[in-house]
Amino acid sequence: MLAQKRRAGGGGGCAAAVSGPGRRRLSLSLSCRYDGALKACGARCRSVDGEAGPGDVLRMMVRAGEHCVALKYVHKFGQAAAFPPAQLVRASLQGDLSVRTAAMLLKYVPLFELSDAFPREAILERAAASGILVHELAGGKLVLKGRRRSDSASLPPGAAVPVKVGSAPN
């Protein structure tokens, strides 16, 4: 089944939908390519796609800069000895956070018992600094919302999004 997906272009065309430098395309296609296969693998599987094992795929993800996704599967496959979670969290916090990265950090930092080194409040502050809106619901649950890429792509950080009023020609 994975071989059929690979021939058809990978995980639903994830790499084709991305524009930008080749390195970014590589990491997204790698994440899309193996994310579904790793989800389907059991915790004791030996091979993900008939060639690479879970440890090999995690190593590729870390090299490609997919630290946040690697953190998820380090937990699933019990690979914390080979891939220290603290290093993956530290690498995930570099640069701006995406909604996905912030959500995964908020989930996996407590699971790896890293809350002393990476407090929840600090992760929430970094998420807010990256332009992610954080709403807290009853019971301590969080809702994370990011800005639309088309709205924020051409504007400097902190600038208001212009609103088009009316549709009459000038």
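Here the structure is a predicted model, which is why all the values come from computation and not from measurement. (Residues numbered from 1 in each chain as written. Predicted model: local features only at pLDDT ≥ 70, side-chain atom pairs only at ≥ 80, totals over all residues. Heavy atoms only, no water.)

1. Focus on the overall build of the protein chain
Okay, step 1: Across its full length, the protein chain holds eight helices and two strands.
Okay, step 2: Mapped in sequence order, the helices and strands of the protein chain form the string α-α-α-α-α-α-α-β-β-α.
Okay, step 3: Burial statistics for the protein chain: of 170 residues in total, 31% are counted as buried.
Okay, step 4: A separation of at least 24 residues holds for 51% of the contacts in the protein chain among residues at least 6 apart in sequence. (Helix = DSSP H or I, 4+ residues; strand = E, 2+ residues; numbered from the N terminus. Buried < 20%, exposed > 50% of the residue type's maximum accessible area, 1.4 Å probe, protein only. Contact = heavy atoms within 4.5 Å.)

2. Topic: the packing of aromatic side chains
Okay, step 1: This structure, assessed with the given rule, holds one aromatic pair.
Okay, step 2: Taking the centre distance of 6.3 Å and the plane angle of 35° together, the rings of Tyr73 and Phe77 count as tilted. Pair noted here: Tyr73 and Phe77 are both in helix 4 (residues 67-77), with a separation of four residues, about one helical turn. Residues Tyr73 and Phe77 agree in their burial class; the two are buried. (Phe/Tyr/Trp six-rings, centres within 6.5 Å; stacked < 30°, edge-to-face > 60°.)

3. Notes on the packing of helix 6 (residues 99-111) against helix 7 (residues 120-129)
Okay, step 1: Between helix 6 and helix 7, whose axes approach to 10 Å, the crossing angle comes to 175°. Relative to helix 7, the element helix 6 is oriented roughly antiparallel. When helix 6 is examined against helix 7, the residues Ala102, Leu105, Leu106 and Val109 are found in contact with a partner set consisting of Arg120, Ile123, Leu124 and Ala127.
Okay, step 2: Grouping the amino acids of the contact of helix 6 with helix 7 by side-chain chemistry returns seven nonpolar, no polar and one charged. (Axes fitted to C-alpha atoms, helices over the stretch in contact; angles between N-to-C directions. Parallel < 35°, antiparallel > 145°, perpendicular 65-115°, else oblique. Nonpolar A, V, L, I, M, F, W, Y, C, P; charged D, E, K, R; others polar.)

4. A word on the pattern of salt bridges
Okay, step 1: In total, this model carries one salt bridge according to the counting rule given.
Okay, step 2: Measuring nitrogen to oxygen at the nearest pair gives 3.1 Å for the salt bridge that ties Asp56 to Arg59. Taken as a pair, Asp56 and Arg59 lie in helix 3 (residues 54-63) at a separation of three residues, close to a single helical turn.
Okay, step 3: Looking at Arg59, the relative accessible area reads 36%, which means it is partly exposed. (Salt bridge = Lys/Arg side-chain N within 4 Å of Asp/Glu carboxyl O.)

5. As for the side chain of Ser92
Okay, step 1: With respect to the helices and strands, the residue Ser92 is situated in helix 5 (residues 85-92).
Okay, step 2: Ser92 has contacts with His67, Cys68, Leu97, Thr101 and Leu105, leaving out every residue within four places of it along the chain.

6. A short note on helix 4
Okay, step 1: With nine of eleven residues buried, helix 4 is to be regarded as a mostly interior element.
Okay, step 2: For helix 4, the full list of buried residues reads His67, Cys68, Val69, Ala70, Leu71, Lys72, Tyr73, Val74 and Phe77.
Okay, step 3: Gly78 lies just past helix 4 and shows a positive phi near 65°.

7. Quick word on unusual backbone geometry
Okay, step 1: In this structure, Glu113 is a non-glycine residue whose phi angle is positive, near 55°.
Okay, step 2: In this structure, Glu113 sits in the loop between helix 6 and helix 7.
Okay, step 3: Taking relative accessible area as the criterion, Glu113 reaches 71% and is therefore assigned exposed.

8. Section: the confidence of the model for the protein chain
Okay, step 1: When pLDDT is averaged along the protein chain, the result is 75, and 68% of the positions lie at 70 or above.
Okay, step 2: Mean pLDDT values over the elements of the protein chain span from 41, in helix 1 (residues 2-8), up to 95, in helix 5.
Okay, step 3: Across residues 1-28, where pLDDT falls below 50, the model places 20 contacts with residues more than four positions away in sequence or in other chains. (pLDDT = per-residue confidence, 0-100.)

9. What to know about the pairing of strand 1 (residues 133-136)
Okay, step 1: Bridge analysis of strand 1 against strand 2 (residues 142-145) gives four bridges, and the strand direction is antiparallel. Counterpart to Val134 in the pairing with strand 2 is Leu144. (Pairing = 2+ DSSP bridges.)

10. Things to note about helix 5
Okay, step 1: When helix 5 is considered as a whole, its buried residues turn out to be Pro85, Leu88, Val89 and Ser92. Buried residues along helix 5 cover an arc of 100° about the axis, so they all sit on one side.
Okay, step 2: The inward-facing, buried residues of helix 5 contact helix 3, helix 4 and helix 6. (Arc of directions from axis to C-beta.)

11. Some words on the environment of Val48
Okay, step 1: In this structure, Val48 sits in the loop between helix 2 (22-40) and helix 3.
Okay, step 2: Of the residues examined, Val48 reaches a relative accessible area of 11% and is grouped as buried.

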